[in-house]
Amino acid sequence: MEGDIELDIWHGDWGLPTVEPKCLAVLTYCKFSGVPVIVRKTGNPLKSPSGELPVLRHGNEIQGTTEDILNYLREHQWGCDNKLSNIQCADTIAFCSLLEEKLLPAILHLWWIDGKNYIDLTRPGFAKASPFPLNFILPGNMRRKARLRIYSKNGENVTDGEVDLRIYKDAKQCLNLLSKKLGNAPFFFGDRPSSFDAFVFGYLAPIMKAPLSNNQLQSHLLACPNLTHFCKRILKDYFPNDIYENEKKKENTKKQMSGLAEDNPNKTKNMILAGIFAITAMVGYAFAIGLIQIELSDKESEEEENPELHKSQPETDKHHENQQTYEQFEPLFEEPGGEE
Amino acid sequence: MSSWVVESVQAEIGASVPWPDDVALYQPYEVEQILLPDSANCLSVKTFLHMCGLNFNLELRVNAEEMSPSGKVPFIKVGAFLISELDPIIAFVNTKGFHISKHLSDTQQSEMRAYMALVENVLVNAELYLSWCHEDVYYEITKPRYSSCYPWPINLILPLKKFAEIKSRLSSIGWYNKSFEDVCEEINTCCQALSERLGNQAYFFGDKPTELDALVFGHLFTLITTDLPVTKFAEVIQKYENLVDFCDKIEDTYFKKKNLKA
């Protein structure tokens, strides 16, 4: 195989490489089969030919749907299903449609239709991951698709509430069936992972890890210990980096929480700066309104008055001097008269 | 009241009442009206009831679809209950104490469910695709038959309404944009899986019939025997000899015998 194989998937969180079930399934399949993929986390599915993620790019070939990607990888001899017997291959196909038919509707409902989960987690998560104008459109679009997928199968006489009850019931039954099928084996078909293991992990791991506020499937899943062990083991064996990153992230958030007190000096500094800024702005405004003119006119009037004062003072002095000289001279004239 | 809501009530009341004699199975008219997907579903349910050894009277109604609690045919009427579609009917019959898959192990039970999902996922959608999205079949078969029982203005409107419904259902799973060859390929994969699983056995799980056998027979037999302008699907299925033999055998055991008796 020539060229790099690139796989575009949704963002990851909660210790998972990606939060979207199908992307996670494809990525897991690649890890199982040892495909040297370059993973790109993106939030822009418009570049995909089908308008959905995951997308696989290899040279000029672009595969836009999960099925196409798996078929493409199989054609190029990248597959973890090669070691399966014919009957096991048949079983894989059958169990994949079991997931599609019984488990997927409930998972879509849990993520997209359930109001609380959608508003608290799904919509903000996907909006944050996608670029600017898309973040307003994309979550609603994906929700509409999920709604169509869940409810279009039923006739008119059936209400949405009844469908909800049924899909959750089906999903719980499906989890029971999976748990029975897995038993104590490490993987569903013998000792080696298959594409079906990738799908089960892709669907179940997000339910197990996500902090959904409404998660009836999680409690049911936790009641099947072999399935939870199965997910945890795959996560540990094939995605150790993501677990590490998640722990690091958790530590960071903890540090941030404890570091809030140390941020206080910064806060006061900011407050002081803001105060200074406000005061300068107000003073500036006051100047602009006319304070400057008033002050200027004061100075001018002072300057205008002062020279008069300076000029008049010498005059008066002279006047006084004249008077004094007069006074000095007067007695000279009077004295002789007085003597007479 | 819908069949799903009734289920929990059935578990409590249903178990104590035995299978009555006046159970009726409602479906549209076979010759003039019924469509390929409905026909396959009806045949599956009938086969299942025969396998359980349960009696029922076949009731043909023009408006069976509107009578059904979930809007889908067939449905059965047992005492006060109406139950439609195969899965709820199986669950109901089980509460009456008739289990035809009791002998299976846990793993086999889940395998059986998986193959049933495969048939529902592939064959049912392929039948819908063929009847409503293939132009020749739609204009020659589906439209005249679906509108046959309605008077003038609505016989033009209702097929369109139904078509819109089927279209949104198929496009939500990405089947609407598939080409006819893609659908044939899907059927081929499905039949290959079923054929592998069946091998040389009489039934899918040993020598006793299960729900899966009823479901597979209903769909494959309908696809092989229905006379359509397009025979590609039948050709694909007929490549798998063991599946064809399986259909013949079930037909012999459960339908020819009954006819002879009658």
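Going by an unreviewed UniProt entry, chain B carries the name MTX and comes from Acanthosepion pharaonis.

Per an unreviewed UniProt entry, chain A carries the name Metaxin and comes from Acanthosepion pharaonis. You can read under Subcellular location (unreviewed entry) in the UniProt record for chain A the words "Mitochondrion outer membrane". What the UniProt record of chain A gives under Sequence similarities (unreviewed entry) is the line "Belongs to the metaxin family."

Moving on: the nonpolar core. Across soluble globular proteins, nonpolar side chains have a tendency to be buried as a group. Residues and elements named next belong to chain B. Judged by nonpolar contacts, the single largest core of 162 residues is most densely connected at Phe48 and Leu49. The dominant element in this core, judged by the number of residues it contributes, is helix H5 (residues 106-133), at 15 residues. Residues within four places of leucine 49 in sequence aside, it is in contact with Trp19, Leu25, Leu54, Phe56, Ile76 and Val93.

Turning our eyes to something else, we now look at the packing of helix H3 (residues 86-113) of chain A against helix H8 (residues 180-198) of chain B. Where H3(A) meets H8(B), the closest approach of the two axes is 8 Å, and the angle between their N-to-C directions is 130 degrees. When the axes of H3(A) and H8(B) are compared, the pair comes out oblique. The hand of the H3(A)/H8(B) crossing is left-handed. Together, Asn86(A), Ile87(A), Ala90(A), Asp91(A) and Ile93(A) of H3(A) and Thr189(B), Ala193(B), Glu196(B) and Arg197(B) of H8(B) make up the contact between the two elements. When the residues that make up the contact of H3(A) with H8(B) are grouped by side-chain class, the tally is 4 nonpolar, 2 polar and 3 charged.

Right, let's get into the interface of chain B and chain A. How large an interface is tends to be reported as the accessible area lost when its parts come together. The interface of chain B with chain A comprises 35 residues on the first partner and 29 residues on the second. Carbon and sulfur atoms supply 56% of the area that chain B and chain A bury against each other, a total of about 2,800 Å² over both sides. Residues Asp91(A) and Arg197(B) are paired through a salt bridge, measuring 3.0 Å at the closest nitrogen-oxygen approach. At the surface where chain B touches chain A, the tally comes to 7 residue pairs in polar contact (both at pLDDT 80 or more). For the side of chain B that touches chain A, the elements supplying multiple residues, two or more each, are helix H1 (3-13), helix H4 (86-95), H5, helix H7 (152-172) and H8 of chain B. The element that contributes the greatest number of residues to the side of chain B that touches chain A is H5(B), accounting for 11 residues. Grouping the constituent residues of the side of chain B that touches chain A by class yields 10 nonpolar, 10 polar and 15 charged.

Criteria and cut-off values
- Residues numbered from 1 in each chain as written.
- Chains lettered and ligands numbered in written order.
- Predicted model: local features only at pLDDT ≥ 70, side-chain atom pairs only at ≥ 80, totals over all residues.
- Heavy atoms only, no water.
- UniProt positions renumbered as here; feature names shortened; annotations may be inferred.
- Core = buried A, V, L, I, M, F, W, Y, C linked by side-chain atoms within 4.5 Å.
- Buried < 20%, exposed > 50% of the residue type's maximum accessible area, 1.4 Å probe, protein only.
- Helix = DSSP H or I, 4+ residues; strand = E, 2+ residues; numbered from the N terminus.
- Contact = heavy atoms within 4.5 Å.
- Axes fitted to C-alpha atoms, helices over the stretch in contact; angles between N-to-C directions.
- Parallel < 35°, antiparallel > 145°, perpendicular 65-115°, else oblique.
- Left-handed = near helix turned anticlockwise from the far one by under 90°.
- Nonpolar A, V, L, I, M, F, W, Y, C, P; charged D, E, K, R; others polar.
- Buried area = accessible area lost by both parts, 1.4 Å probe.
- Salt bridge = Lys/Arg side-chain N within 4 Å of Asp/Glu carboxyl O.
- Polar contact = N/O pair within 3.5 Å; in protein donor to acceptor, adjacent residues only side chain to side chain.

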